[in-house]
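One-letter residues, chain by chain:
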Amino acid sequence: MTSMVQTTDLTGQMLIAGTPVRGAGREIRGIDPQTGSFLEPAYPYGDTSHVEAACAAAADAFGPYRNAPVEQRARFLEAIADNLDSSRDVLVERAHAESGLPVARLTGEVGRTSGQLRLFAGVLREGSWNQARIDPALPDREPLPRPDIRQRSVPLGPVAVFGASNFPLAFSVAGGDTASALAAGCPVVVKAHDAHPGTSELVGRAIAQAVTATGMPAGTFSLLYGYGPDLGSALVTDPRIKAVGFTGSRAGGMALVAAAAARPEPIPVYAEMSAINPVFLLRGALSARAADLARAFVGSLTMGSGQFCTNPGLVIAVDGPDLDAFVAAAAEAVAATAPTPMLTPGIAENFRTGVETLSGTAELIARGSDENAPAVSCRAALFGSDVPTFLATEALQAEVFGASGVIVRCADDAEMLRVAAEVEGQLTATVHAEESDHAKAGELLEILELKAGRILFNGWPTGVEVGHAMVHGGPFPSTSDSRTTSVGARAIERFLRPVCYQNAPKSLLPSAIADGNPDGMWRTVDGQLTKD
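Let us look at the structure shown here. Since this is a predicted model, take the numbers as computed values, not measurements. (Residues numbered from 1 in each chain as written. Predicted model: local features only at pLDDT ≥ 70, side-chain atom pairs only at ≥ 80, totals over all residues. Heavy atoms only, no water.)

### Looking at the nonpolar core
- With 144 residues, the main nonpolar core has Phe76, Ile207, Val244, Phe326 and Ile492 as its most contacted residues.
- Considering each element in turn, this core owes the most residues, eight residues, to helix H9 (residues 283-302).
- Two domains each provide a minimum of three residues to this core, namely domain 1 (14-273 + 484-494) and domain 2 (278-457).
- Other than its neighbours up to four places away in sequence, Phe326 contacts Leu281, Leu286, Ala290, Leu293, Ala294, Phe297, Val315 and Ile407.
- Grouped together as the second largest cluster of nonpolar side chains are eleven residues, Leu509, Ala512, Ile513 and Met521 included. (Core = buried A, V, L, I, M, F, W, Y, C linked by side-chain atoms within 4.5 Å. Buried < 20%, exposed > 50% of the residue type's maximum accessible area, 1.4 Å probe, protein only. Helix = DSSP H or I, 4+ residues; strand = E, 2+ residues; numbered from the N terminus. Domains from an automatic or database assignment. Contact = heavy atoms within 4.5 Å.)

### What to know about the pairing of strand S7 (residues 149-155)
- Taken across its seven residues, S7 has five buried, putting it largely inside the fold.
- Note: strand S6 (residues 133-135) against S7, three bridges, orientation antiparallel. Across the sheet, Arg133 pairs through a bridge with Gln151, a residue of S7.
- Bridge count between S7 and strand S22 (residues 496-502): seven bridges; the pairing is antiparallel. What sits directly across from Ile149, in S22, is Gln502. (Pairing = 2+ DSSP bridges.)

### Quick look at the pattern of salt bridges
- Under the defined criterion, the tally for this structure stands at 32 salt bridges.
- Across the pair Glu27 and Arg29 runs a salt bridge, and its minimum N-O distance is 3.9 Å.
- Between Asp148 and Lys506 there is a salt bridge, and its shortest N-O distance comes to 4.0 Å. One end of the pair, Asp148, is in the loop between S6 and S7; the other, Lys506, is in the loop between S22 and strand S23 (523-525), and 358 residues separate them in sequence.
- Connected through shared salt-bridge partners, Glu71, Arg75, Glu78 and Arg125 make up one network. (Salt bridge = Lys/Arg side-chain N within 4 Å of Asp/Glu carboxyl O.)

### Topic: helix H6 (residues 197-213)
- With 17 residues, H6 extends 24 Å from end C-alpha to end C-alpha; this agrees with the ideal 24 Å at 1.5 Å per step.
- Across the 17 residues that make up H6, a large majority, 13, are buried.
- Once H6 ends, the next one or two residues include Gly215, with phi positive near 75°. (Expected span 1.5 Å × (residues − 1).)

### What to know about the packing of aromatic side chains
- Summed over all chains, the structure comprises eight aromatic pairs.
- For the pair Tyr43 and Tyr225, a centre-to-centre distance of 4.8 Å together with 40° between the ring planes defines the contact as tilted. Of this pair, Tyr43 sits in strand S5 (residues 37-44) while Tyr225 sits in the loop between strand S10 (221-224) and helix H7 (228-237); the two residues are 182 residues apart in sequence, bridging distant segments of the chain. The two residues Tyr43 and Tyr225 agree in class, both being buried. (Phe/Tyr/Trp six-rings, centres within 6.5 Å; stacked < 30°, edge-to-face > 60°.)

### Notes on the layout of surface pockets
- Of the pockets and cavities examined, the largest pocket occupies roughly 1300 Å³.
- In terms of lining, the largest pocket is formed by 47 residues, of which the most central are Phe246, Gly248, Ser249, Arg250 and Gly252.
- Looking at the lining of the largest pocket, the elements that each hand over two or more residues are H7, strand S11 (243-247), helix H8 (250-261), helix H11 (345-359) and helix H13 (394-397).
- With seven residues, the top contributor of residues to the lining of the largest pocket is H11.
- For the lining of the largest pocket, the per-class residue count stands at 20 nonpolar, 19 polar and eight charged.
- Split by domain, the lining of the largest pocket shows at least three residues from each of two domains, domain 1 (14-273 + 484-494) and domain 2 (278-457). (1 Å grid on protein atoms, 1.4 Å probe; cavity = no way out; pocket = protein on both sides within 12 Å on 5 of 7 lines; lining within 4 Å. Points joined across faces, edges and corners; volume = space filled by probe spheres on them. Nonpolar A, V, L, I, M, F, W, Y, C, P; charged D, E, K, R; others polar.)

### Side note on empty space enclosed by the protein
- In total, this model carries five cavities of 30 Å³ or more according to the counting rule given.
- Taken as a whole, the largest cavity spans an internal volume of roughly 120 Å³.
- For the largest cavity, the lining is made up of 18 residues, of which Ile276, Gly313, Ala398, Val400 and Ser404 are closest to its centre.
- The residue inventory of the lining of the largest cavity, partitioned by class, reads ten nonpolar, seven polar and one charged.
- Empty space within the second largest cavity amounts to approximately 80 Å³.

### Brief notes about the sheet that holds strand S9 (residues 188-191)
- Ordered by their spatial adjacency, seven strands build an open sheet running S3-S2-S10-S9-S8-S11-S12, and the pairing between neighbours is mixed. In this open sheet, the two strands that pair with only one neighbour each are strand S3 (19-21) and strand S12 (269-272). Each strand of the sheet is rotated relative to its neighbour by a mean of 20°, with strand direction disregarded.
- Pairing of S11 with S12, which is carried by four bridges, proceeds in the parallel orientation. Residue Thr247 lies in a different strand from S12, and its bridge partner there is Glu272.
- Against the sheet, H6 touches strand S2 (14-16) and S10, its axis set at about 165° to S10. (Axes fitted to C-alpha atoms, helices over the stretch in contact; angles between N-to-C directions.)

Laid out in structure tokens, this is it:
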């Protein structure tokens, strides 16, 4: 690495319950992938004493925070969003310096981050997250009377969130895990990712300022820096932490799952991990638009240097002249791609290692240009294989984080369905089909429903819409819990649990399940959805 780049508006400090605190451990700095230069300031790692302080503050904050009026929590989320939007330029500048991601992409990511905070503010006000259910008493029921039974959801408790490398904003300090946990009523302790420490500090400040401005308890939010196997493990195993949100590698996610399961009180870990996101090209689609599909595939494959959770790393199609045309066009598009920066030197090295492994097990179709490469760079790679080799070779199903893909040639439709049935769990699966393909697509859909959390038709998986119907999750190993999503309104459900109130005095009932529906929300009363 080369010279230091100065940044004067950052402090290099953690935030524990709103108080800046400097660590005393090993120092890290952001790295500009374009030049290889270190970025100031240094961020000394924290230790278990800082975990203790942050978790104690979160535990103290939990009671008053979860009992704060829903409208106050909603305004808190909106205040964070406003702070991020008003700091957009400085956030984008720093995130670009630390990640090498394009300014336009990062500008959109600020909007996505503030947008999902506002989404959860709306979710809170709408109220269905309570899952309110009321079974009124039936004192005259035979042979036994039914008691008055009511149910609502309550927050789990303080949540540990681990920032992701590839989304310095939308999946990090104020990302979907933090937003949904705060919406649920859970204080959050974030472990910042080493890839973008300065961006993390800026976002952490925006949250801390919103805590103060909206009158929330100081321990509602803390931000730590530290070595994952030490500080991260201490955070997950602290008895005051009740759930974990994580986005990253399979190895990292499974280490957290193991640590959480080994606690005297095991807790859930919602880990979004690895996926190769298969794309199925059916015969009619290939015949109609092979070259266009190839160019669009390479665009999605190489977007952001392929550093997306939903990067389409696998293409499956039946062999023949139309697939030949697709492969030729894809090879041409890959060969024309310039090298692009990767997030960190470690990620770049892992990518090179992954490509070398694929080179020993599959046919190399094309590589991107290596001219004028950034200091920390990705050179796109495209490989080919057949079905027997693909299914027999573990490396061909492993995620290579970066712009690398494999095209699998199937002898017939039966082989395509077999590949679909035998791939691991995925975040996404994509089907390109014309109307003539719909019968075969229906067979494929039956399989893919059991393999992926999101199934796309005639599109590309990069680009995750934040909304009420989105699912960003899937069967293992794409996530550690296939029943959940880390993006969209239902992400709040990860940090809630149901509580039943039987024959509770009317004066003690929470408003969500009180007589007269004081919150004016939809509730299930005696099995019927109603606002009455």
